[in-house]
Amino acid sequence: MLLTFLFFGCYSGIVYLFCDNKPDAPDAAAQRGWKVWQEKNCQSCHQFYGLGGYMGPDLTNVASQKGTSYMRGIIEHGTGKMPDFHLSNNEVNDVIAFLSWVDKSGKSQVADSSVHWTGTYIISHK
Ligand code: HEC
């Protein structure tokens, strides 16, 4: 019994000391970008970690996977499917800072097989 407690104590200590992978707090730009994200309701079409609307792709790791200029192009002009929100240059920079901050929080892999050819998501009810 004592051994179990000892083991649990050591394990908790190790996890506490070495497994802290919380992202840093968002800086001012990322916080402003977060506000734009909420005001424009980007989440209604996009997901973080698979949660959100399913009209557009998951954006958890778009910053590291596609890069800043790619994001800027889409956010500034929209696409056939995504609206152009007519954001100011500063707002676009802030949203990009926000998405880059989210990217540092972890990895969210979306299988190619769950994306329909129209760009929407196939939700399986297994
Ligand atoms: C009406 C739904 C909708 C809303 C709202 C929306 N998007 Fe999108 N977004 C899309 C779709 C659909 C795509 C895929 C583009 C395509 O295939 O034409 C996309 C693509 C993107 C991409 C590129 C992703 C990739 O992996 O290629 C980024 C970045 C993005 N959106 C950011 C945003 C931001 C930031 C907002 C809010 C300001 C936003 N979106 C709001 C529908 C939306």
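Summary of the structure given here. Only a predicted model underlies this, so the values are computations on that prediction, with no experimental measurement involved. (Residues numbered from 1 in each chain as written. Predicted model: local features only at pLDDT ≥ 70, side-chain atom pairs only at ≥ 80, totals over all residues. Heavy atoms only, no water.)

### Some details on the overall build of the chain
Turning to step 1, where the next piece is worked out: Counting secondary structure elements, the chain contains five helices and two strands.
Turning to step 2, where the next piece is worked out: Helices and strands in the chain line up, N terminus first, as α-α-β-β-α-α-α.
Turning to step 3, where the next piece is worked out: The C-alpha radius of gyration of the chain comes to 19 Å, more than 25% above the 14 Å expected for a compact globule of 126 residues.
Turning to step 4, where the next piece is worked out: Projected onto its principal axes, the C-alpha positions of the chain cover 65 × 40 × 25 Å.
Turning to step 5, where the next piece is worked out: In the chain, which comprises 126 residues, the proportion classed as buried is 28%.
Turning to step 6, where the next piece is worked out: Restricting the contact set of the chain to residue pairs at least 6 apart, pairs at least 24 apart contribute 55%.
Turning to step 7, where the next piece is worked out: For the chain, the accessible area works out to roughly 9000 Å², and carbon and sulfur atoms hold 62% of it.
Turning to step 8, where the next piece is worked out: For the chain, the distance from the average position of its 10 positive side-chain charges to the average position of its 11 negative side-chain charges is 3 Å. (Helix = DSSP H or I, 4+ residues; strand = E, 2+ residues; numbered from the N terminus. Rg over C-alpha atoms; globule rule 2.2 N^0.38 Å. Buried < 20%, exposed > 50% of the residue type's maximum accessible area, 1.4 Å probe, protein only. Contact = heavy atoms within 4.5 Å. Areas by Shrake-Rupley, 256 points an atom, 1.4 Å probe, with all protein chains shown as cover. Lys, Arg positive; Asp, Glu negative; His and termini not counted. Charge placed at Lys NZ, Arg CZ, Asp CG, Glu CD.)

### A look at the side chain of T60
Turning to step 1, where the next piece is worked out: The residue T60 is located in the loop between strand 2 (51-52) and helix 3 (62-66) in this model.
Turning to step 2, where the next piece is worked out: Residue T60 is classed as buried on the basis of its relative accessible area, which comes to 0%.
Turning to step 3, where the next piece is worked out: At a separation of 2.7 Å, a polar atom in the side chain of T60 contacts the main-chain amide nitrogen of Y49.
Turning to step 4, where the next piece is worked out: Here D58 takes part through its side chain, which lies 2.4 Å from a polar atom of the side chain of T60.
Turning to step 5, where the next piece is worked out: Leave out the neighbours within four places in its chain, and T60 touches Q47, F48, Y49, L99, V102, D103, G106 and S108. (Polar contact = N/O pair within 3.5 Å; in protein donor to acceptor, adjacent residues only side chain to side chain.)

### What about helix 1 (residues 2-18)?
Turning to step 1, where the next piece is worked out: The end-to-end C-alpha distance of helix 1 is 24 Å, a good match for the 24 Å that 17 residues give at a rise of 1.5 Å each.
Turning to step 2, where the next piece is worked out: Little of helix 1 sits out of view: just zero of its 17 residues are buried. (Expected span 1.5 Å × (residues − 1).)

### Let's talk about the site of the ligand
Turning to step 1, where the next piece is worked out: Residues in close proximity to the ligand total 20 residues, the closest being C42, C45, H46, Y70 and M82.
Turning to step 2, where the next piece is worked out: Here K66 contributes a side-chain N or O atom positioned 2.9 Å from an oxygen atom of the ligand.
Turning to step 3, where the next piece is worked out: Contact distances for the ligand include 3.5 Å between an oxygen atom and a side-chain N or O atom of K81.
Turning to step 4, where the next piece is worked out: One can see that the ligand is located within the largest pocket.
Turning to step 5, where the next piece is worked out: Counting only elements with at least two residues in the shell around the ligand, the list comes to helix 3 and helix 4 (68-77).
Turning to step 6, where the next piece is worked out: Looking at which element gives the most residues to the shell around the ligand, the answer is helix 4, with three residues. (Near = heavy atom within 4 Å. 1 Å grid on protein atoms, 1.4 Å probe; cavity = no way out; pocket = protein on both sides within 12 Å on 5 of 7 lines; lining within 4 Å. Sits in = over half its atoms within 2 Å of the grid points.)

All we've got here are geometric facts, nothing functional implied.
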